[in-house]
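The residues making up each chain are set out below.
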Amino acid sequence: SCPVRTRSGDPIGALTLLRRPGARPFSADEVELLRELAAKVEDAVARVERFSAAWVARDELYESVGQLFSLDDSLTPAAVTDQLMDLVDGPAPQAIFDVNRHLVVASDSFLELFAAGAPTGDVDEAPFVGCAHCEMTDLWEQLLSGISDFIVNHCEQCDSLVRAQVGIHWVVVRRPDGTPVAVVAVCESGPQ
């Protein structure tokens, strides 16, 4: 048997190999394979936990931002920067962009992942690097057109550009009439 543990070391299960009575003992290679399989299960559980935490954080931020813009049709993201900044204080890296792809507010953890210099900017240009920049034209087109209000992207190309490969959960916030007003991005935290 080999324990399966969370990243914090808490046991969540075990993988067990069984043999018939009198059968040969397991070889060192088979025992090592069991350990490797347990490590893969641990990694899979950790990925699900990171994905789920980002999903929940994105939904909470989406709801809060949506409520803010449902109160007054004349509000713009730039006009409520202070209120938006109060909303991006969760544990996951978070940011809010206007519909022109300009960063309005971001948590420090988001800026640590993607900023390459100045703390604000357009995601089509520097200072943003890595997964916040890859394939942005298609992603933004899908979000703003209504093809999909919720998108999760995992960039395979950015490993060398950011400290860790990151999955980003995107959602467009719409006014009550369906007009897009902001885009929320929440990243999966922790090692990928």
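A brief look at the structure comes next.

Conventions we followed
Residues numbered from 1 in each chain as written. Predicted model: local features only at pLDDT ≥ 70, side-chain atom pairs only at ≥ 80, totals over all residues. Heavy atoms only, no water. Core = buried A, V, L, I, M, F, W, Y, C linked by side-chain atoms within 4.5 Å. Buried < 20%, exposed > 50% of the residue type's maximum accessible area, 1.4 Å probe, protein only. Helix = DSSP H or I, 4+ residues; strand = E, 2+ residues; numbered from the N terminus. Contact = heavy atoms within 4.5 Å. Pairing = 2+ DSSP bridges. Axes fitted to C-alpha atoms, helices over the stretch in contact; angles between N-to-C directions. Salt bridge = Lys/Arg side-chain N within 4 Å of Asp/Glu carboxyl O. Phe/Tyr/Trp six-rings, centres within 6.5 Å; stacked < 30°, edge-to-face > 60°. Lys NZ or Arg CZ within 6 Å of the ring centre and 35° of its normal.

1. Observations regarding the nonpolar core
Stage number 1. Among the nonpolar cores identified, the biggest contains 20 residues, and Val65, Phe69, Leu84, Ile96 and Val184 are the most heavily contacted of them.
Stage number 2. The set of elements that each furnish at least two residues to this core consists of helix H1 (28-70), strand S4 (103-106), strand S6 (167-174) and strand S7 (180-187).
Stage number 3. When residues in this core are grouped by element, the largest group, six residues, is from H1.
Stage number 4. Non-local contacts of Phe69, meaning those with residues more than four positions away in its chain, are made with Leu75, Thr76, Pro77, Val80, Leu84, Val173, Arg175, Pro176, Val181 and Ala182.
Stage number 5. With 19 residues, the next largest nonpolar core counts Ala95, Leu103, Leu111 and Trp170 among its residues.

2. Points about unusual backbone geometry
Stage number 1. The backbone of Arg101 shows a phi angle near 75°, a positive value even though the residue is not glycine.
Stage number 2. Its location among the elements puts Arg101 in the loop between strand S3 (94-98) and S4.
Stage number 3. Looking at Arg101, the relative accessible area reads 15%, which means it is buried.

3. A short note on the sheet that holds S4
Stage number 1. If you trace the five strands from one edge of the open sheet to the other, you get S4-S3-S7-S6-S5, paired in antiparallel fashion. One side of each edge strand has no neighbouring strand; the edge strands of this open sheet are S4 and strand S5 (150-154). Each neighbouring strand pair of the sheet contributes to a mean axis angle of 20°, computed without reference to strand direction.
Stage number 2. Where S3 lies against S7, five bridges are found, and the strand directions are antiparallel. From the neighbouring strand, Ile96 faces S7, where its bridge partner is Val184.
Stage number 3. Of the strands in this sheet, S3, S5, S6 and S7 are in contact with H1, which crosses S6 at around 20°.

4. As for the pattern of salt bridges
Pairing is possible between side chains of opposite charge, provided their charged atoms come close.
Stage number 1. Scanning all chains against the criterion turns up five salt bridges.
Stage number 2. Here Glu30 makes a salt bridge to Arg24, at a shortest N to O gap of 2.8 Å.
Stage number 3. The exposure class assigned to Arg24 is exposed, which follows from its relative accessible area of 53%.
Stage number 4. Of the charged contacts, one joins Arg35 and Glu32 as a salt bridge, the two residues approaching to 4.0 Å between their closest N and O atoms. Here Arg35 and its partner Glu32 are both found in helix H1, three residues apart, which amounts to about one turn of the helix.

5. Some remarks on the environment of Ile168
Stage number 1. Its location among the elements puts Ile168 in strand S6.
Stage number 2. For Ile168, a relative accessible area of 0% gives the class buried.
Stage number 3. Between the C-alpha atom of Ile168 and that of Glu188, which follows or precedes it by 20 residues, the distance is 6.3 Å.

6. Comments concerning the packing of aromatic side chains
Stage number 1. Counted according to the given criterion, the structure contains six aromatic pairs.
Stage number 2. With a centroid separation of 5.6 Å and an interplanar angle of 40°, the aromatic rings of Phe51 and Trp55 are classed as tilted. Pair noted here: Phe51 and Trp55 are both in helix H1, with a separation of four residues, about one helical turn.
Stage number 3. Judged by centre distance (6.0 Å) and plane angle (35°), the rings of Phe97 and Trp170 are tilted. A residue pair is termed long-range when its members are at least 10 positions apart, and Phe97 in strand S3 and Trp170 in strand S6 qualify at 73 residues. Considered together, Phe97 and Trp170 belong to a single accessibility category, that of buried residues.
Stage number 4. If you follow Arg58 out to its NZ or CZ, it ends over the ring of Trp55, 4.5 Å from the centre.

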